[in-house]
Amino acid sequence: MRNIILALSDLHSGHKLGLLTPHLQIADDIAGDTSPTSFQLNFAQRALWEQVEKLVEFTRNYAKSDPVTLLIHGDITQGLKRPKELVSARLSDHLMIAFQNLSYFMQELNIT
């Protein structure tokens, strides 16, 4: 059995040019608003997500039933620097975006 390593770097979740799943929905429970907020992907984010889908498909076909280890290197979130470049000014949104981005990999691949 092989162990496949999938390495990702600098996702910058929360940045206008960062990774953003098209299925993202965030509810603001703290403010009492439980209706989910959706984010519209811009051109760069759509193009990036298309590449993510191709990467997941390639990895799935390559790994077959072998386990995949996901290695994240670099900035998983953007943080609050350069506020004009953010999809949200709330750090909690950046964390949820990162979580949902990585959930896609977890659901689609045999991640260990």
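In this report, we go over the structure that sits alongside the text. (Residues numbered from 1 in each chain as written. Predicted model: local features only at pLDDT ≥ 70, side-chain atom pairs only at ≥ 80, totals over all residues. Heavy atoms only, no water.)

On to the environment of L48. Among the secondary structure elements, L48 is positioned in helix 1 (residues 43–63). Residues L48 and S38, spaced ten residues apart in sequence, show a C-alpha to C-alpha distance of 18 Å. When near neighbours in sequence (up to four residues on either side) are disregarded, L48 contacts L17, G18 and L19. (Helix = DSSP H or I, 4+ residues; strand = E, 2+ residues; numbered from the N terminus. Contact = heavy atoms within 4.5 Å.)

Below, the discussion takes up the side chain of N101. For N101, the position within the fold is in helix 2 (residues 91–108). Judged by relative accessible area, which is 0%, N101 ranks as buried. Within polar-contact distance, the side chain of N101 engages the backbone oxygen of L19 at 2.9 Å. Not counting residues within four places of it along the chain, the set of residues in contact with N101 comprises S13, L19, L20, T21 and W49. (Buried < 20%, exposed > 50% of the residue type's maximum accessible area, 1.4 Å probe, protein only. Polar contact = N/O pair within 3.5 Å; in protein donor to acceptor, adjacent residues only side chain to side chain.)

Quick look at a nonpolar patch on the surface now. A cluster of nonpolar side chains, contributed by L80, L91 and L95, occupies part of the molecular surface with about 270 Å² of accessible area. Tracing the backbone shows L80 in the loop between strand 4 (68–73) and helix 2. (Patch = residues over 30% accessible without salt bridge, like charges linked within 9 Å, V, L, I, M, F, W, Y side chains within 5 Å. Areas by Shrake-Rupley, 256 points an atom, 1.4 Å probe, with all protein chains shown as cover. Salt bridge = Lys/Arg side-chain N within 4 Å of Asp/Glu carboxyl O.)

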